Amino acid sequence: MRLSLRFLLFLAVCISAQLGLIGAANQRLAASSEAERRIVRSIEILGLSDFCIATDARYVRHLAVSDRLSPFMDHPGSIEHFPTGSFWIPER
Amino acid sequence: MALRYIDRQLNIADYALSGFKRRVARNVVVVFIFALVIFMVASFSLTTTSLKQAAGRLLETVPDITVQKMSAGRQVSLTEDAVDKLENIFGIRSVRPRVWGYYFDENNGANYTVIGHPKLSEKSPLPGLGIDYLPEMQLDTVAENAVIGRGVRQSLELGSRRTFSLFRPDLTLKSFITAGAFGADTSMVTDDLIIMDLQAARDLFGLAPAEITDLLVDVANPLEIDNIADKIGERLQGVRVVTRERIAKTYRVAFGWRSGFGLACLFGAMAAFAIFAWDKATGLTPAQQREVAILKVVGWQTEDVITLRFWESIIISASALGLGYLGAWMHLLFFDGVLFRPVLLGWSVLKPPVSLIPVFSIGDLLIIFSLSVLPYLAATVIPAWHSAAIRPDSVI
Amino acid sequence: MKIELKAVEKYYNRGGSNQVHALRGIDLTIDANETICIHGPSGSGKSTLLSILGGIIGPTIGSAVVGGKKLARLPDRFLTLYRREHIGFIFQRFQLIPELSVLENVTLPLLPLGVRPAQQKKRAMELLEKLEIDHRSDFPAAEISGGELQRAAVARALINDPSIIIADEPTAHLDTRLSEDFLSIMSDLKKLGKTIVIASHDPLVSESPVVDRCLYLRDGALAAAF
C-alpha cells in the first residue's frame, strides 16, 4: 500500500479512537444521570449556588456571595484575591 | 484531470512521507513536542468546556433570586420579618429564609460551608439527596445532629468517630453528631457542606434567634425574575439581589478567566514551537537545498515543491493534532485531568473528586486547530516559497 | 527535435560590479537526431550553454528556439514544463539524492505528473533492466558504485522519454571502461532518434564515432567546429 494511504489509515485510526472516546464519554455522562439528578435536587433543596470544586477562597466556592472585602478576612497568610489564591498555597 | 490531480497530490505526499521515514528520529521528536503542546492546550480547553457544560446542566435549580443585606459594603444578617415584606409581591412562589456561612477550620486551613436547614430536626429529613443516614445516637452532652460532606469528613479526620466540635465566635466549642453523610456522587456540590438545624447554625455563628443570612426567592415565571428582583430591591432597603443569571455569568467569567490565564501561560509554549518551526522551515541545510534544486531540474514546478512542503507540514501537524487531542481526551477521561486540576480548581484544601467528563465541541476543536496547526502550516509553508525558489541551475 | 540559438548573449549580475559575460554571440543549430559535443576549458561557458539549451535558464539577449518553441521569453513555470517533457539531463557527479533508492531517484520526475506508483515502478524497472542495474534498484544512491550511479542518472534522464538528452561532463568521474559503456548507451539512444548534447573535454567523447560534430567554446564564444 502506498505511504499516503497508510498515513490516511493512521489518521482514520486516530479519528475512530477519538470517536470511541467521545462515545465512552457520552456513556459515562448517561451513566451519571442518577447522580446528576441528586446534585440538581441538592442544589434546589439546600439553596446552593455553585459547585464546590474550588474551596480555596470563599467567594470561589459561592461566587454569588462574593464581595470585595472577603480577601484577607480569615487567614492572614492567605492571598485570598482572585486569581492569586488559586495559584499560591497560603503560608502556614 | 481531477483524478490526475489527486494522483499528483498522493505522489507528492508519498514522497513527503518517505522523507519523514528517512529522517524519522528528528521528525518523531518534532511530532512529539508538537503533540505535547496540543495536548496541553486541548486538555485545558476540554476541562473548561466540560466544567462550563456541567454548570449549564446542573446549576439550573440554583435559587432564582438570592437576597442579601449589605452594610458598609459587606454582607450582614437580616431578620426573619423580611420574609413577610416580600411574600405579597405578585409572582413570587416562595421565600425561604436561610442561615448559612463559611467555617474556616484553622487546624487544616479548610473552608467549610455551613448551612442551617429547618427540616434537619425532622425524622429522615432531606429525601432524594443520596444521604446515608446513620442510626440515632444519644450522647451525655448536648450535641446537634449534622449531615456532612465527604470532604469535611476526611478533613476533620473523623474515621469511625461520629462526633466533632466546631468553635463559636467566642471560642467556646459546640458539639455535633454525624447524623448522615452525603454520597460520593453528589460530591461536586456537597463536599464541603455541614448541614445542621437552623437554630444550631445560628448558635454556631453567634446570630440572634430571628436572624438569617439571606433569603432564597423562587419565582413562578422565569421571565419575570429581573422585574421581581427590581421590586425586591425597592421593597427592602440596603439589600443586594443576586439573580441566577448573574451567578451563572460570574461563574463563566471566573472559569473563563482561569482558562484564559492558563492559555496565556501555554501561549508561550506555542510561540516557542512556532519559532522552532519557522527556524526549521527557513534554515534549509545545504543537502536540502540541493534536493530542492534537483527536484526542480528534473521537472518539479515551484508549486510542486511548495506542495511537498505543505504535505510535510500536514503530516507533522495532523499527526500531532491527532495524537495530542486523543491524549487530552484520555487525560480527562481516564486520569481525571490530573495535570490541570490545580489551575482550574485552585489549591483547595478540600479536593472534591470531581469527575470531569469531556464534552466534544467542534468549536473547541477549531480553536485548537487554529492555534496549533494553522500557525505551524503558516510557519512552514510561507518560507517554503522562499526555499522553493532555489534556482535549478545551482546544481550544475 | 531541432535546436536553434541565435545571437545568444548571457550575462550574470548584469550591470553589477561583478558582472560576468558568460556567453557571447552564440549562433548554433543542432538538428534532430544529431549528437554534438561541446568542449572547452572550465569557465568557458559550457555549463551556461547547456543550461540555456536545457531550458533551465533563458538567454539575456538573443533567441533560443527548440522544436519551434521560443524559450527565451518563457516564464520559469513554462520552462519547467518544457524541461520535463522534452529534456533529459545527466549531470556531472550525476546529482542523485543520496538517501533515496535508485528506483526512487529514477521515478522523481514522474511524481508531479501524477503517474500511479505501479506505473512509475514499471517504467523505471524497464529502464533499469535495459541499463542492467535493475538488481540495484532498492539500494540507496549513496551505496552504489560510480558506474551504477551513472546508469541510474541516465535512467532518470530517460524516464520521461525526452527527445533531447543533455549531458554535462558525464565521463569526468568514470574510468575508460565505464566511459565507453556510457558512449555505447548514447549510441543506442541516438538510434532511437534522440538529439544529444554532451559537454566534455574528454577526448574519448570528442573522438567517439557517436559524436557527429564537436564545438569548441572559449571565453563564452564558439571558436571552431570540427
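Not measured: the values here are computed from a predicted model.

Cut-offs and rules
Residues numbered from 1 in each chain as written. Chains lettered and ligands numbered in written order. Predicted model: local features only at pLDDT ≥ 70, side-chain atom pairs only at ≥ 80, totals over all residues. Helix = DSSP H or I, 4+ residues; strand = E, 2+ residues; numbered from the N terminus. Rg over C-alpha atoms; globule rule 2.2 N^0.38 Å. Buried ≥ 20, exposed ≤ 12 C-beta atoms within 10 Å, placed from the backbone. Contact = placed C-beta atoms within 7 Å. Pairing = 2+ DSSP bridges. Domains from an automatic or database assignment. Nonpolar A, V, L, I, M, F, W, Y, C, P; charged D, E, K, R; others polar. pLDDT = per-residue confidence, 0-100. Expected span 1.5 Å × (residues − 1). Right-handed = clockwise from strand over helix to strand, strands pointing away. Core = buried A, V, L, I, M, F, W, Y, C linked by C-beta atoms within 7 Å. Axes fitted to C-alpha atoms, helices over the stretch in contact; angles between N-to-C directions. Parallel < 35°, antiparallel > 145°, perpendicular 65-115°, else oblique. Left-handed = near helix turned anticlockwise from the far one by under 90°.

**Q** Explain the overall build of chain B here, please?
**A** Looking only at helices and strands, chain B features twelve helices and 13 strands. Over its C-alpha atoms chain B spans a radius of gyration of 31 Å, topping by over 25% the 21 Å that the globule rule assigns to 396 residues. Along the three orthogonal principal directions, the C-alpha set of chain B runs to about 100 × 50 × 40 Å. Taking all 396 residues of chain B together, 44% fall into the buried category. Nonlocal contacts in chain B, meaning residues at least 24 apart in sequence, comprise 84% of its contacts between residues at least 6 apart.

**Q** Help me understand the overall build of chain C, please; the structure alone is not making it clear to me.
**A** Regarding its fold elements, chain C presents seven helices and ten strands. Across its three principal axes, chain C shows a C-alpha extent of roughly 50 × 40 × 35 Å. Burial status across chain C gives 49% buried among its 226 residues. In chain C, once contacts between residues fewer than 6 apart in sequence are set aside, the share between residues at least 24 apart is 70%.

**Q** Would you mind going over the sheet that holds strand β5 (residues 69-70) of chain C with me for this structure?
**A** Backbone-to-backbone hydrogen bonds join strands into a sheet, with any given pair of strands oriented parallel or antiparallel. All names here are of chain C. Taken in spatial order, the four strands of this open sheet run β2-β1-β4-β5, and their pairing is antiparallel. Two strands bound the open sheet, and with one partner strand each, they are β2 (20-30) and β5. With two bridges joining them, strand β4 (residues 61-66) and β5 adopt antiparallel strand pairing. Of the residues in β5, the one forming a bridge with V65 is K70.

**Q** What should I look at first to understand the domain arrangement of chain B in this one?
**A** It is common to give the size of an interface as the accessible area that goes away when the parts come together. Residues and elements named next belong to chain B. Taken domain by domain, chain B holds domain 1 (2-58 + 250-395) and domain 2 (78-212). The C-alpha centroid of domain 2 is placed 50 Å from the C-alpha centroid of domain 1. Each partner contributes residues to the interface: domain 1 has five residues there, and domain 2 has ten residues. Classifying every residue of the side of domain 1 that touches domain 2 gives five nonpolar, no polar and no charged.

**Q** Looking at this structure, I do not really get the confidence of the model for chain C. What am I missing?
**A** Note that predicted coordinates carrying low pLDDT should not be read in detail. Residues and elements named next belong to chain C. With 98% of its residues at a pLDDT of 70 or more, chain C has an overall mean of 86. Of all helices and strands in chain C, the one with the weakest mean pLDDT is strand β10 (residues 221-225) (73), whereas helix α3 (residues 102-107) scores best (92). We note a pTM of 0.78 for the whole complex and an ipTM of 0.84 for its interfaces.

**Q** Would you mind going over the environment of C:T80 with me for this structure?
**A** Relative to the helices and strands, C:T80 resides in helix α2 (residues 76-86). Residue classification places C:T80 among the buried positions, given that 24 C-beta atoms sit within 10 Å. On a C-alpha basis, the gap between C:T80 and C:L50 in space is 15 Å, while along the polypeptide they are 30 residues apart. Not counting residues within four places of it along the chain, the set of residues in contact with C:T80 comprises B:G299 and B:Q301.

**Q** When you look at helix α1 (residues 3-31) of chain A in this model, what are you seeing that I'm missing?
**A** Owing to its 3.6 residues per turn, the α-helix aligns residues three or four sequence positions apart on the same side. Its 29 residues place the ends of α1(A) 41 Å apart at the C-alpha level, agreeing with the 42 Å of an ideal helix rising 1.5 Å per residue. Looking at α1(A), one finds that the buried residues are A:S4, A:F7, A:L21 and A:A25. Residues of α1(A) that are buried sit in contact with α1 (2-22) and α10 (302-335) of chain B.

**Q** How should the pairing of strand β6 (residues 87-90) of chain C be read in this particular structure?
**A** A regular strand places its side chains so that they alternate between the two faces of the sheet. All names here are of chain C. Here β6 shows a buried face lined by I87 and F89 and a second buried face lined by G88 and I90. Both β6 and strand β7 (residues 164-168) contribute to a ladder of four bridges, which runs parallel. By the bridge assignment for β7, F89 is matched with I166.

**Q** Got a minute to help me understand unusual backbone geometry in this structure?
**A** Not every positive phi belongs to a glycine, and B:L171 is a case in point at roughly 70 degrees. Look at B:L171 and you get exposed, because 6 C-beta atoms sit within 10 Å. Of note, C:E169 is a non-glycine position whose phi angle comes to about 45 degrees, a positive value. Here C:E169 is to be found in the loop between β7 and α6 (176-191). Accessibility expressed as a C-beta count within 10 Å gives 22 for C:E169, which makes it buried.

**Q** Explain the pairing of β7(C) to me, please; I cannot follow it from the model alone.
**A** All names here are of chain C. Within β7, five of the five residues are buried, leaving the element largely enclosed by the surrounding structure. Both β7 and strand β8 (residues 195-199) contribute to a ladder of five bridges, which runs parallel. Across the sheet, the residue bridging to D168 is A199, located in β8. For the segment spanning β7, α6 and β8, crossover handedness is right-handed.

**Q** Sorry if this is basic, but what is going on with the nonpolar core here?
**A** Across soluble globular proteins, nonpolar side chains show a tendency to be buried alongside one another. If you look at the biggest cluster of nonpolar residues, it comprises 115 residues, and the most contacted ones within it are B:F34, B:I38, C:V106, C:A152, C:A153, C:A155 and C:I166. Sort the elements by how many residues they give to this core and helix α2 (residues 24-58) of chain B lands first, with 14 residues. Leave out the neighbours within four places in its chain, and C:A153 touches C:I90, C:F91, C:F94 and C:L96.

**Q** What exactly am I supposed to notice about the packing of α1(A) against α10(B) here?
**A** Packed helices, taken two at a time, are described by the angle their axes make and the gap between the axes. Direction vectors running N to C along α1(A) and α10(B) enclose 20 degrees, while the axes themselves pass 10 Å from each other. Viewed along their axes, α1(A) and α10(B) adopt a mutual orientation that is roughly parallel. Read as a crossing pair, α1(A) and α10(B) show a hand that is left-handed. Where α1(A) abuts α10(B), its residues A:F7, A:L11, A:C14, A:A17, A:Q18, A:L21, A:A24 and A:A25 lie against B:I315, B:A318, B:G322, B:Y325, B:L326, B:W329, B:M330 and B:L333. Its residues assigned to classes, the contact of α1(A) with α10(B) shows 14 nonpolar, two polar and no charged.

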